[in-house]
Structures are given as C-alpha cells and as structure tokens.
Amino acid sequence: MSGLRDRLLRLRGSSAAGAAESPGADESSEALQALELASEADGKTDNRSADEELTDPKHETVNGYADDIEVLTSDWDDTGVQIIRTAEGSFLLRETRYPLEHRHGIHQLSELHEASTGLSAFQSPVNAPKPVRLSRIGGLNGSPSGMPGTNIEAIAVKPEKVLFLDLETTGLGVGAGNVPFMVGLGFAEGESFVVQQMLIRHPAEERAMLGYLCEKLLMYSHLITYNGRTFDWPVLLNRFILNGFRTFRWEPIHIDLLHPSRSIWRNTLASCRLSHVEEERLGIVRTDDVPGSLAPAIYFQFLADGKPDPLLGVFLHNESDMLSLACLAIRFGHLLSGGLGTRVSNPTEPEELLRTGLWLEKMGAAEHAAPLFSLLEADSRTPASCLTALADRDKKCGNWTRAVLLWQKAVHMAQHASWPDWDAHIELSMYYEHKTKQFDAALALAETALELAQRRYTSMRIDAKRRAELESIHKRVERLRVKSGRLYG
C-alpha cells in the first residue's frame, strides 16, 4: 500500500505543476482521481486506529507517549540479546536458563539447594562482612530492604534469595573511571538456574542498566562473588553514586568466595584465580575461552567499529564464570554441612587436609574438622611443616598431648630431611622448659635447632631477619645452659 501512496503523491505533484502547460493535464487528473479512489478502498486494510498503532510490536509506550522500538541488526543474532527499554533509557539483556539437573564439572546445579544450609555459616559475627555505609545514596546502611530492624545474622539462607554477581569492566581499578560494561547475574528460579547478562553499547546506557539493577538486587538477601568485596561490589557502588541513585538501599550478606579459596588452597594450588580453582578442584575445563583480561580491549574495539561479533566470547566467558561461581558455592556449602567424604571427596594432599580443617574450625564447624586432623596425624606422607602447624593449633586449644606427639614426630623427620626445619625443635624445647621443667631435654633440642639454622644459613646472605633468628636461638641455648647447670650445680 505504501507504493500506491507514493504514486499518489507523485501524481498530485505533477498534476499541480503541469496543469497550465501540459496538454495531458486532464488525463493526469483522471488518473489521480482513480488512484485516490483505490487508496480509499484499500485504506481499510492498512489504516489503523491509535490503539492498534500503540499495541503494534514496533511501538512502545514510555512515560505516556508512543515511541518506536529500536530493532537490532542481524549482527547481534548470534549473541542472543534483546533490547530492554526503561524510563531511563535502554540496554541489552542476554538470558540463559539451565535446568537444575545441568552438570557443570563435578557438581549439579540442583545441589545448590542442599548446600545452602552450610552457607549459613558465613552469617556468623566473625565472618559476616562489615557493613559499608553509603549515606549519600542511602544504600548499605542499616538493615536489608524490606526487613527494617532485622539482625543480619538471623536471615536464613534460601537458595532463591541468593544472587551471584560478576562484572566485566573497562579497567582493573575501583576508581570513577572504571565502568562495568557487562554485569552478570546468576540466581535460582523455579526449576532453572538463570544467568542474566546486561550489556551497555555506550556509556549513555549505563543509567538504564543501573536502574534495572536497583529493582533486581532488592529481591535477594545474599550476594556471592569472587573477589567481589574488593573489586566488583565497590565498582558497582561507585557507579550507583555517580549516576545519582540516591534512593537505592540494599544490604545483603556478602559471601566472597576468594577468601575461603585462599584459606584452603593458597599453598596447594599455583594460583587462586577462579579459572584455575575451577579446573583443579571443580573438574571444569573451558575450551576456546576468551580470557577476562582481554574483555576490556574487545569492548573498546566494539565501541570503535560497532561490530558485536567478538562480544559473544565475552558473554560466554562471563556466563561460565557465573556457573563456576555457583559450583564453588556448592562445594563450600557441602564442606560446612558435613558433606566432606560423601558429597565432596576428601583432599588427597596433607597441606589441603590441614588448611581445610583449619578453615572449617574457623567457620564454626569444628566437628567436621576433627576427622581431617586425625587423617593428617595418621598419614605417613604428612610433611614436618604440616605437623608443626597442626601442633600449633593444638597448643592454642590446650591439647598438649597431641601437640607434643606431633612435635616429636616432626623432630624425628628432621633427622632424615635434606633441608630440615627447626620450628618443632624450638616448640618442643619451650614445652620441656616451661611445662615439664626438663631442662636437659630442652637444651638438647635448642642446640640442635641452632646447629640446623647455622648449617642452612652458611651459604646464604645473612639479612637482619635471619640474624635476629640466630640470636634468638643462641640466647635460648645460653639460658637453658644456665638453668641446667643451676639444677645440677
């Protein structure tokens, strides 16, 4: 019908312009009348009422007026995004749903419901994050939204109230110049685990995305991130401030899984980066993954040429991060709820056995840590450093019987080690000196420690720290010689 209207307009123009001088003006006038009649007849199928126009999928009402919806070009088809329109503007949203039976590595997403019980340990006063006060925007100050006066330690962990967050940003700092161009959210909804990813095509869309987040975040009581307490969350809070969301108020219980990961694997894994932890401990292997470090460069290239194809790799990387974050939360939840040995296999390395037990004890799950300490004590492969660390834990708890046995075992192992340590010698010497008053035994251990230290430092540069250590051992030997001579003098 649009072609008919175009012909009609052209004929009208030609008829008006050439009526006085064209010999065929009458014929043009007759043709024009015929087209007008045809237009009126066919108008019934093309002309629409105002209500029909506003409900057409190519139109949308925003703030009381009709506006054309922007249509994405075919270049965006592979990314699976859609345009979200708000009163603040528009941004892109990509949503992926996984059935809870989906297995990512060694865990199923359905295990999140079972593991959420153990995650309640993060709510204790010792482990709960200190509230961040942002009185300028009203956020994170006081009790969680919708729960005025509620004690933060009393909020139960419900799987559907847990939100996973991961950002892709234009830089690495937390200053005002670092913009999160992609925000990834993960949450359980019904029988699915949903990953929502928001993308801004240019800085002007940031306010619309943050407005969407203001409503979304308030639906959850717990926030789970990886290094989010230091990076992701401060960056996001800065953007809320800079974009003027002064009525925003949300105070979740923030669980940053980087900290327990470091507590357990800092001496076991080569790196505690999420990509390394997931591969070594969660059985997740990524293929053709875009490194997170390249995400800013890819986004800047998109801003320059407008081609969205490379952004798909960033979407997939962020999506995998969200799934890995959920599986890591499942693992720690199983550890805290007694699933070690059943839902999660026991660590095979003594160092990890020790660190896992110490972390469980710190989190208030001492009953689950005790079996790990027993395994560590009985394992013939346990190095002297782990025995000494466990003995130090027993010393603080007043379990002197096992502490002494562990020190004695470490001292015996030092006799056959090519690079022996002398910490156990000093600790056992202190025990004999102050607890049992066995000065001769204490002196022999101190002298052995001094000999081991001098032997190690012979071929090394003696700095201030090592010199102070040698002097401390030497003073202990001299003091014990005096005490031993006084006893038998």
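Everything below is about the structure shown above.
Every value quoted in this text rests on a predicted model; they were computed, and no experiment measured them. (Residues numbered from 1 in each chain as written. Predicted model: local features only at pLDDT ≥ 70, side-chain atom pairs only at ≥ 80, totals over all residues. Heavy atoms only, no water.)

Asker: Explanation requested: the sheet that holds strand β10 (residues 222-225) in the structure shown.
Answerer: The strands making up a sheet associate through hydrogen bonds between their backbones, and the pairing can be parallel or antiparallel. Across the sheet, which stays open at both edges, the 7 strands sit in the order β3-β4-β9-β8-β7-β10-β11 with mixed pairing between neighbours. Each end of this open sheet is capped by a strand with a single partner; those strands are β3 (81-86) and β11 (253-256). In this sheet, adjacent strand axes meet at a mean angle of 30° when their direction is disregarded. Pairing between strand β8 (residues 180-189) and strand β9 (residues 192-199): 8 bridges, direction antiparallel. Note on β9: the bridge partner recorded for leucine 185 is glutamine 196. Here helix α5 (residues 206-217) sits on the sheet and contacts β3, β4 (89-99), β7 (162-169), β8 and β9; the angle it forms with β8, its principal contact strand, is near 25°. (Pairing = 2+ DSSP bridges. Helix = DSSP H or I, 4+ residues; strand = E, 2+ residues; numbered from the N terminus. Axes fitted to C-alpha atoms, helices over the stretch in contact; angles between N-to-C directions. Contact = heavy atoms within 4.5 Å.)

Asker: Mind showing me how you'd approach the pairing of β9 here?
Answerer: Judged by how many residues are buried, β9 sits mostly within the fold: 8 of 8 residues are covered. With burial as the criterion, each face of β9 is covered, one bearing Ser192, Val194, Gln196 and Met198 and the other bearing Phe193, Val195, Gln197 and Leu199. As defined by bridge partners, β4 adjoins β9 across 8 bridges and the pair is classed as antiparallel. Within the sheet, the bridge partner assigned to tyrosine 98 lies in β9 and is phenylalanine 193. In this antiparallel pair of consecutive strands, β8 and β9, the connection spans 2 residues, and glycine 190 shows a positive phi of 65°. (Buried < 20%, exposed > 50% of the residue type's maximum accessible area, 1.4 Å probe, protein only.)

Asker: Just checking my understanding: could you explain the side chain of arginine 239 for this structure?
Answerer: If you trace the backbone, arginine 239 turns up in helix α6 (residues 228-242). Owing to a relative accessible area of 7%, arginine 239 belongs among the buried residues under this scheme. What arginine 239 contacts, discounting residues up to four positions off in sequence, is Ala176, Asn178, Val179, Pro180, Glu206 and Leu210.

Asker: Can you help me understand the packing of helix α10 (residues 311-336) against helix α11 (residues 350-362) in this one?
Answerer: The relative placement of two packed helices is expressed as an angle between their axes plus a distance between the axes. Remark: α10 packs on α11, axes separated minimally by 10 Å, with the N-to-C direction vectors making an angle of 75°. What the angle tells us is that α10 and α11 run roughly perpendicular. Contacts from Arg331, Phe332, Leu335 and Leu336 of α10 reach α11 at Glu352, Trp359 and Leu360. By residue class, the composition of the contact of α10 with α11 is 5 nonpolar, no polar and 2 charged. (Parallel < 35°, antiparallel > 145°, perpendicular 65-115°, else oblique. Nonpolar A, V, L, I, M, F, W, Y, C, P; charged D, E, K, R; others polar.)

Asker: In this structure, what is going on with empty space enclosed by the protein? I would like to understand it.
Answerer: Rolled over the atoms, a probe sized like a water molecule indicates the empty space that remains. Scanning the model with the defined rule gives 1 cavity of 30 Å³ or more in all. In this structure, the largest cavity occupies an estimated 40 Å³ of space. Lining the largest cavity are Ile264, Trp265, Arg331, Leu335, Leu340, Val344, Ser345, Pro347, Glu352 and Thr356. Going through the elements one at a time, α7 (258-265), α10 and α11 are the ones with two or more residues in the lining of the largest cavity. Among the residues making up the lining of the largest cavity, the classes are represented as 6 nonpolar, 2 polar and 2 charged. (1 Å grid on protein atoms, 1.4 Å probe; cavity = no way out; pocket = protein on both sides within 12 Å on 5 of 7 lines; lining within 4 Å. Points joined across faces, edges and corners; volume = space filled by probe spheres on them.)

Asker: For this particular structure, what's the right way to read the packing of α11 against helix α12 (residues 366-378)?
Answerer: For the pair α11 and α12, the least separation of the axes is 8 Å and the interaxial angle reads 155°. For the element pair α11 / α12, the angle class is roughly antiparallel. Between α11 and α12 lies a crossing whose hand is left-handed. Between α11 and α12, the residues in contact are Pro350, Leu353, Leu354, Thr356, Gly357, Leu358, Leu360 and Glu361 and Ala366, His368, Ala369, Leu372, Phe373, Leu375 and Leu376, respectively. Residues of the contact of α11 with α12, tallied by class, amount to 11 nonpolar, 3 polar and 1 charged. (Left-handed = near helix turned anticlockwise from the far one by under 90°.)

Asker: Quick question: what am I supposed to make of the packing of aromatic side chains here?
Answerer: The description of an aromatic ring pair uses the distance of the two centres, along with the angle that the planes make with each other. Evaluation of the coordinates by the stated rule reveals 17 aromatic pairs. Taken together, a centroid distance of 4.5 Å and an interplanar angle of 20° make the contact between phenylalanine 240 and phenylalanine 248 stacked. Of the two residues, phenylalanine 240 and phenylalanine 248, neither departs from the other in class, the shared state being buried. Centre to centre, the rings of phenylalanine 332 and tryptophan 359 are 5.4 Å apart; their planes meet at 55°, and the pair counts as tilted. Taken together, the positions of phenylalanine 332 in helix α10 and tryptophan 359 in helix α11 put the pair 27 residues apart, joining distant regions of the chain. The two residues phenylalanine 332 and tryptophan 359 agree in class, both being buried. Through pairs of rings, three or more aromatic residues link up here, namely Trp76, Phe181, Tyr299, Phe300 and Phe302. (Phe/Tyr/Trp six-rings, centres within 6.5 Å; stacked < 30°, edge-to-face > 60°.)

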